[in-house]
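A closer look at the structure
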Amino acid sequence: MRGVTVHRFLLAAALLAGAALLTHPLHAQADEEAPADSVVAADSASLRVVAFSDTNAVRLDVRVTNAVALQGAAVTAVVTDADGGTLWQGALGALAVDSAGVGRLSGRVSGVHPQLWSPATPHLYTARVSVGAGGAAMAGEVRFGFRRFEARDGRLLLNGHPVFLRGNAINPPERNIPDSLNESPRFAREYLRFLKRAHVNIVRFTHPSEVWFDAADEVGMMVFQGHYGTPRGGTSTNPPDDIGAAVRWYREIFAPQASHPSLVVWVLSNEQAAPEISYLSRNWQEVAAFLQAVHDSLRAWDDTRPYIGNAGYGFGRGGEICDLHRYWGWYYNSALSFYTLRDPRICWRGDTGQPITLTENTGNYTGPDGRYNLVSRTKQPASQLNWTGHAPDAEQSRRALGYQAWVAKQAIEITRRLRERNPYLSGLTPFTIAFSRWWGIDGVEDMEPKPVVSQYAISYQPVLLSWELWTPQIYAGSTLRPVAHVVNDAETLEDLHGLALRWTLVDDAGAVRDSGRVPLPDVPYYAARSAPLRIALPDSLRTGSYRLRGVLLRGGDTLSHNAVTLFVAGRGYAAAPVPGAASAAPARRVRVLDPDGATTRALAALGIAAQPADLDALDPGRDALVVAPGALAGAPAGSGTTLRAFVAAGGRVLLLRPDPATFDASWLPVSVRLQTEPLDHPLVYPGGRPFRNGMAVNPERPDHPVFAGVDRDRLFLWSDWTGWDESREGFPQVYPVTQGFVLADRTQLGRVAVLANYDHGLEGVALAELFGDHGSVLLSGFDVVDRAGLDPVADRLLANMVRYMASGEAHEPAPLVTAPITWGDYASERGLVTGIYSGLVLHTVPLVPTALRARYPVRMDADGFVQAGGAGGWNTKPAIQYVPAGRRPFGPYEFTLGGSVRLPAEHDSTGEGRFWVRVPHDRTRMLTLVANPTDEPLALEIVVGDSARVETVPASATVELTTPLPDATTRGTLGIVYRGDRRLVLRRTEFR
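The structure reproduced in this document is the subject of the present report. Everything quoted here is computed from the prediction, not taken from an experiment. (Residues numbered from 1 in each chain as written. Predicted model: local features only at pLDDT ≥ 70, side-chain atom pairs only at ≥ 80, totals over all residues. Heavy atoms only, no water.)

**Structural notes on the overall build of the chain**
In terms of helices and strands, the chain carries 13 helices and 53 strands. Here the chain has a C-alpha radius of gyration of 32 Å; the compact-globule value for 992 residues is 30 Å, and the two agree. Oriented by its inertia axes, the alpha-carbon framework of the chain measures out at about 110 × 75 × 55 Å. Burial analysis of the chain (992 residues in total) assigns 60% to the buried set. Sequence-distant contacts in the chain: of pairs separated by 6 or more residues, those separated by 24 or more amount to 73%. Considering the chain, the positive charge centre built from 95 side chains and the negative charge centre built from 102 side chains are found 2 Å apart. (Helix = DSSP H or I, 4+ residues; strand = E, 2+ residues; numbered from the N terminus. Rg over C-alpha atoms; globule rule 2.2 N^0.38 Å. Buried < 20%, exposed > 50% of the residue type's maximum accessible area, 1.4 Å probe, protein only. Contact = heavy atoms within 4.5 Å. Lys, Arg positive; Asp, Glu negative; His and termini not counted. Charge placed at Lys NZ, Arg CZ, Asp CG, Glu CD.)

This is the structure we're talking about:
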């Protein structure tokens, strides 16, 4: 760091800390150094009092500008409670004035017995300070509360008792609320009281505000605050050179906030700021040493609250709290990755013995209309595709809001439950948009809380009953084995005895179908306990959704409640054909290559007769081959050649979850690459995306026969088949896809029907039919055989896939399109756009409220991405909704590990997008509606089959271009390419 070594930083830290200790205000004396603004104009005399309190004492730091006439003046104080009663009064000492005319005194009031401030009892006091007598006298006051917040023995303690932080990180002021409310005491109190009713006990503000701090003091809402960003004079890789100047700068930032008892944690820097101070950046050791030096000096000045050094991806280095930012289940990994918190070494710097907090998590930035906010050129669109896929626009809001609440639930409840195994876990604050309306409101009642707030009210209950159930899909008559967890963070600080759980199973009409009551173990304060249950489901349950509800009782009192949703299927659900399914009577014989017999047994249970396969005796016209998971590992030499010939001649193969360690993919008609990186990798950004396993699988062609009776909801999570619970290492086996793959050659997409995909940008393929000359291979990454007889949806999908491959129906790689395609409307696109492979990138535009348009002008960058008011906007401008408005020919491109669009290193302004389609024989031309948002004419090349033509789209115009189609008798599947400037926007394609 500019030639300053870590050793010099440590030495400087020791010297600064030592100097500070010499002047630690145990009695009245002057501060050791002058703040940067100590020299003031002659007519700007002022008095400032800052209170640093613990549970029975308060230190009052007095600072007076232009105080030459007050040299040696007596300083007195009166401390009163909210009702005006006097707690203490007396002399603090004499004012000492320095050469700059600034008078200082630090006096301590001790031995008092106040009422303590806490979220449950926000008692406040006022200290009125007088300096001098007569005409030169000055007076001032400060409001504060007696409390002590500290990090000790791996826990956060408030007034000597451990406390778990239950937070919400995105709050006003600003963030697009009306200007009249930014500094409104009424609104601030209403807002914080609303969050308290949802059991939130800590927040952070957009920026320091006395109005909001005062409201937090009064309401009883804890706050973590400080400096979010790079320290002044530093960069993302280098800290400031002058530690002393940095300490003075921090103190001037912190001093106006320090008297507030609600402010319980200081933050020195935030890795998420721009430019970032990253744990992966150069010189991170020097950054950590700098922050440690600053911390040590500031700690001597204010030891009434702990510090986070480098928040988030800096792991809190340089402070007393190990802090993480983890967006599991949004930008990367899945919500189940919160189980990695069971290991105290999650900080990546060993078992520090520090409390662990997650001051940012959850993400899932839903906008004002409930859909994900698809801010251009950010990680948002890739994450949206991961979690709500190509669900129709009419469903996007419901699914996005539901998933946002589900991730918050998993983050909060898993973290709280895991305290039974990792005692250092001390709090989390979801960084997510909790309200729909920000602009145009008069009060909190207008803000329209999202479902995530209702989830807070459940998951943040001080005494939490939490269900752990990893078999969300099950047959009627089966036995559920949930685990009931109780977490005791009672605001009364009491141990819990005589507990019982009353559970009910309720159908979707609200009728109770079963119930029971079981005793639960005692739970000491700040402890977590668990109890496994066995619930035998009635055989008579009909197929549908149910809720397992629980109420935690102590005698006649209800302490907590919670519920979990499950899908129950009747025993005939998987085997019985449904409308739209492939025929139950196969036209082809089902042959199975199955060394261990598990797949054959699974098919027999589904009513599908299958015979062992002899690869050399397969008949391409009569046989459908099912290859069991890993079955080709021991196949004879030359098996690949035999299978290639079988498919080329018209044979059909269902290939189930091949093992990448042993599978030779060279015989497949299309090049694929099996993925190997697990989703719950301990790293945040492992290589090898997409992951090999995945959840929230997107049925790209939901009307395809393989999905008959299986909708999108049933592809979210499947039932664990290992009997896992969180007392064990690892993770539950609940991902529907455990061996996904990617298409290695995008030019071969015309011979692929991508039926289901997953992961960011839907780059991972879960299920695809690969077409050879006359036959095909249905390659499945779904884990169906392991769940045979357990998960009815896995059974249903297995039956559908076998029946589809054994049917007498013709198989086609491309969908038949009869209606217009509105680009960006997922349902209208009918599975034509499959992840990054098509090269067509989603084009989004911001919907800016009229009153905010001058503040946030809409601009387009050089690559055609449109944003309001600059980059970002999903959290700082939540009143703005970004929506799809077409697609652009943008390929080839890829997504970064974080989910942002990335172009090749060598690229120009031209991009392309392609898709394959079948159209009715009576259609003779293709109409393309395309917009040019630039101020110059742009060329668009349109290729249909073997014919190409170039059209010019005038500047700032939207035109409809007509392209003739090949003769209907020869065209078959059409390959269509749009190639042109990446800023061109395709609105609609229609075949007439």
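Past the structure itself, the notes keep going.
**Thoughts on the environment of Val627**
Note that Val627 resides in strand S32 (residues 623-627). For the pair Val627 and Pro658, spaced 31 residues apart in sequence, the C-alpha to C-alpha distance is 8.6 Å. Filtering out sequence-adjacent residues up to four positions away, Val627 remains in contact with Leu593, Leu632, Val653, Leu654, Leu655 and Leu656.

**Details of the sheet that holds strand S50 (residues 947-953)**
Pairing is antiparallel across the open sheet formed by four strands, whose spatial order is S47-S52-S49-S50. Edge strands, defined here as strands with exactly one partner in the open sheet, are strand S47 (910-917) and S50. Between one strand axis and the next, the sheet turns through 15° on average, direction left out of account. The pairing of strand S49 (residues 938-944) with strand S52 (residues 974-981) spans five bridges and is classified as antiparallel. Paired with Val944 across the strands is Ile976, a residue of S52. (Pairing = 2+ DSSP bridges. Axes fitted to C-alpha atoms, helices over the stretch in contact; angles between N-to-C directions.)

**Topic: the packing of aromatic side chains**
The full count for this structure, using the stated rule, is 39 aromatic pairs. Aromatic pair Phe254 and Trp266: ring centres 4.0 Å apart, planes at 5°, arrangement stacked. On the criterion of sequence distance, the pair formed by Phe254 in helix H5 (residues 243-254) and Trp266 in strand S15 (residues 263-270) is long-range, its members being twelve residues apart. Side by side, Phe254 and Trp266 carry an identical accessibility label, which is buried. Ring centres of Trp330 and Tyr372 lie 4.8 Å apart, and the angle between their planes is 45°; this geometry places the pair in the tilted category. You can see Trp330 sitting in the loop between strand S17 (322-326) and strand S18 (356-361) and its partner Tyr372 sitting in the loop between S18 and helix H7 (380-388), a full 42 residues away along the chain. The exposure classification of Trp330 matches that of Tyr372, with both residues buried. What links up through ring pairs into an aromatic cluster is the set Phe187, Tyr191, Phe194, Phe205, Trp212, Phe213, Phe435 and Trp438. Over the face of the ring belonging to Tyr331 we find Lys379, whose NZ or CZ atom lies 4.1 Å from the ring centre. Here the guanidinium or amino end of Arg888 rests over the ring plane of Phe865, the centre of that ring lying 4.6 Å away. (Phe/Tyr/Trp six-rings, centres within 6.5 Å; stacked < 30°, edge-to-face > 60°. Lys NZ or Arg CZ within 6 Å of the ring centre and 35° of its normal.)

**With respect to the pairing of strand S30 (residues 589-593)**
Successive side chains on a regular strand alternate, one facing one side of the sheet and the next facing the other. Counted residue by residue, S30 has four buried out of five residues, so it is predominantly covered. In this structure, S30 lies alongside S32, joined through five bridges in parallel fashion. The residue bridging Val592 from the neighbouring strand is Val626, located in S32. A crossover connection joins S30 to the parallel strand S31 (residues 611-612) through helix H10 (residues 598-605); in handedness this β-α-β unit is right-handed. (Right-handed = clockwise from strand over helix to strand, strands pointing away.)

Take it as geometry only, folks, not as evidence of what the structure does.
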